[in-house]
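Residue-level listing of the chains:
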Amino acid sequence: MSSPAAGRVRVLHVLKSLGLGGTEKVAQLFLRHLDPQRFETAVHSPEDGPRAAQIRAGGSATFIGMDLARALAAFRPQVIHLHRAGWPEPELLRPVRDYAAKNRPLVVETNVFGRHDPSPSGAVIDTHLFVSRFCAERYARHTGLATQWPRYGVLYNPVDTDFFAAALPDGPAAHSGLAVGPVLGRISRADPGKWSRLALDILPLLAKDVPGFRCRIVGGVPEALAFVRQHGLAGCVEFLPPLSTDAELAAFYGALDVLAHANDAGESFGLVIAEAMACGLPVVTHPSEGERDNAQLELVEHGLTGLVAQGAEQYAGCVRRLFENPREARAMGLAGREKARRFFRAQDVAATLGGMYDELLERKGGAG
């Protein structure tokens, strides 16, 4: 394997699909913002999807639908960056292990859900990157392992905060000068696993107590559509199709007063929350029970960048508080925008990742 000093370092990001999910978007932002003078980038996925064209437009090659072993042989990466849940996946890691036995690349994973892989195949991974401090701390509690660099690290997911700031320089302007009621928004994949009953139970409460209340939902599931019909909320709740670009997201966030986050499984990071913060929106969320993902509380600081509530009555009360106190809501939105810029700005996060690659390659070369 050639050394990094010999030319650009070849980096292959490995994903299971190229759909519109958060994991795919994170990889796309890394690929777009890694320094092209230092890194030659590509992505492998067994499945095609709408992210593929966007990744190619950003200057990265794509290896789609072929065996990972063939992609590794064709691209010959010096860095293999896996995006995965963290639990044992021997079929994914077998070609990585075989390639590593002959070429000795650096193998990094973004451990999306902070899970532990004690399998023999998992030993091929040099460095595990968690997407939140919460995930790293829970991993340490459950495994008894010290999550210390260079074996472990925390790297927040990147967000194109510059784009959102430019698209909404003054923050959300939900009413655009029109005499309409306050607008609540919710966005996720149309997946029941991304929902909480809390997201539905607050709707009749707000429709009853808030004049002109409206709610816009991206990612509605059948239970949500049925709930809205059964409770006569069709006049104030609108279901929207999936959004595929940051321009569409900015238009959605810009038409809201408050973002409602509700997911019983919680968030290992919370990309939707981070994007809403980057747009200057205050966020209302809730804690998850037990050892479920709870990084939403790492992003949303109660009383600073949004509000944290327990139960439907308290949650609806938090939303009403922000509706009724626009100055407070704006202050929280601006604080959230600043936090997103400081911690999630894509260019800065990608630069940190590039620095990690350099250091880890040097360490691995020295060890050899």
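Details of the structure are given in the entry above.
The shown structure was predicted, so the numbers you read here are calculated from the model rather than taken from an experiment.

Chemist: Explain the overall build of the protein chain to me, please; I cannot follow it from the model alone.
Modeler: Scanning the protein chain for helices and strands turns up 14 helices and 13 strands. For 368 residues, the compact-globule formula gives about 21 Å, and the C-alpha radius of gyration of the protein chain, at 22 Å, lands near that figure. In the protein chain, once contacts between residues fewer than 6 apart in sequence are set aside, the share between residues at least 24 apart is 72%. A total accessible area of about 15700 Å² is found for the protein chain, and carbon and sulfur atoms account for 53% of it. The protein chain carries 40 positive and 40 negative side-chain charges, and their two centres are separated by 2 Å.

Chemist: Any chance you could explain the side chain of Ser45 here in plain terms?
Modeler: Looking at the secondary structure, you find Ser45 in strand β2 (residues 39-45). Once residues within four sequence positions are removed from consideration, Ser45 is found in contact with Leu15, Lys16, Ser17, Leu18, Phe63, Ile64 and Gly65.

Chemist: Before we go on, may I ask you to explain the sheet that holds strand β5 (residues 106-111) in this structure?
Modeler: As a general point, the strands of a sheet are linked pairwise by backbone hydrogen bonds and lie either parallel or antiparallel. Spatial ordering of the open sheet is given by β3-β2-β1-β4-β5-β6-β7, a layout of 7 strands whose pairing is parallel. Each edge of the open sheet carries a strand with a single partner, namely β3 (61-64) and β7 (152-154). Between one strand and the next, the sheet's axes are offset by a mean angle of 20 degrees, whatever the strand orientation. Taken strand by strand, helix α4 (residues 90-103) contacts β1 (9-14), β4 (79-84) and β5, and its axis lies near 170 degrees from that of β4.

Chemist: What's the story with the packing of helix α3 (residues 68-75) against α4 in this structure? I'm lost.
Modeler: As a packed pair, α3 and α4 sit with axes 9 Å apart at the nearest point and diverge in direction by 30 degrees. Viewed along their axes, α3 and α4 form a crossing whose handedness is right-handed. Residue-level contacts link Leu68, Ala69 and Leu72 of α3 to Leu92, Pro95, Val96 and Tyr99 of α4.

Chemist: Explanation requested: the pairing of β1 in the structure shown.
Modeler: The side chains of a regular strand alternate, first on one face of the sheet and then on the other. For β1, a buried count of 6 out of 6 residues is recorded, marking the element as mostly surrounded by other parts of the structure. The two faces of β1 match: Val9, Val11 and His13 on one face and Arg10, Leu12 and Val14 on the other face are all buried. At this point the chain moves from β1, through helix α1 (residues 22-33), to the parallel β2, and the crossover so formed is right-handed. For β1 and β4, the ladder comprises 4 bridges, and the chain directions are parallel. When the sheet's bridge partners are listed, Val14 is paired in β4 with Leu82.

Chemist: Sorry, what's going on with the sheet that holds strand β10 (residues 237-240) here?
Modeler: Ordered by their spatial adjacency, 6 strands build an open sheet running β10-β9-β8-β11-β12-β13, and the pairing between neighbours is parallel. Two strands lie at the open edges of the sheet, namely β10 and β13 (306-308), each paired on one side alone. Strand after strand, the sheet turns through a mean of 20 degrees between neighbouring axes, direction not considered. Note that strand β12 (residues 283-285) and β13 share 3 bridges and pair parallel. Residue Thr285 lies in a different strand from β13, and its bridge partner there is Val308.

Parameters at a glance
Residues numbered from 1 in each chain as written. Predicted model: local features only at pLDDT ≥ 70, side-chain atom pairs only at ≥ 80, totals over all residues. Heavy atoms only, no water. Helix = DSSP H or I, 4+ residues; strand = E, 2+ residues; numbered from the N terminus. Rg over C-alpha atoms; globule rule 2.2 N^0.38 Å. Contact = heavy atoms within 4.5 Å. Areas by Shrake-Rupley, 256 points an atom, 1.4 Å probe, with all protein chains shown as cover. Lys, Arg positive; Asp, Glu negative; His and termini not counted. Charge placed at Lys NZ, Arg CZ, Asp CG, Glu CD. Pairing = 2+ DSSP bridges. Axes fitted to C-alpha atoms, helices over the stretch in contact; angles between N-to-C directions. Left-handed = near helix turned anticlockwise from the far one by under 90°. Buried < 20%, exposed > 50% of the residue type's maximum accessible area, 1.4 Å probe, protein only. Right-handed = clockwise from strand over helix to strand, strands pointing away.

Honestly, that's just the spatial picture; any functional story needs more than this.
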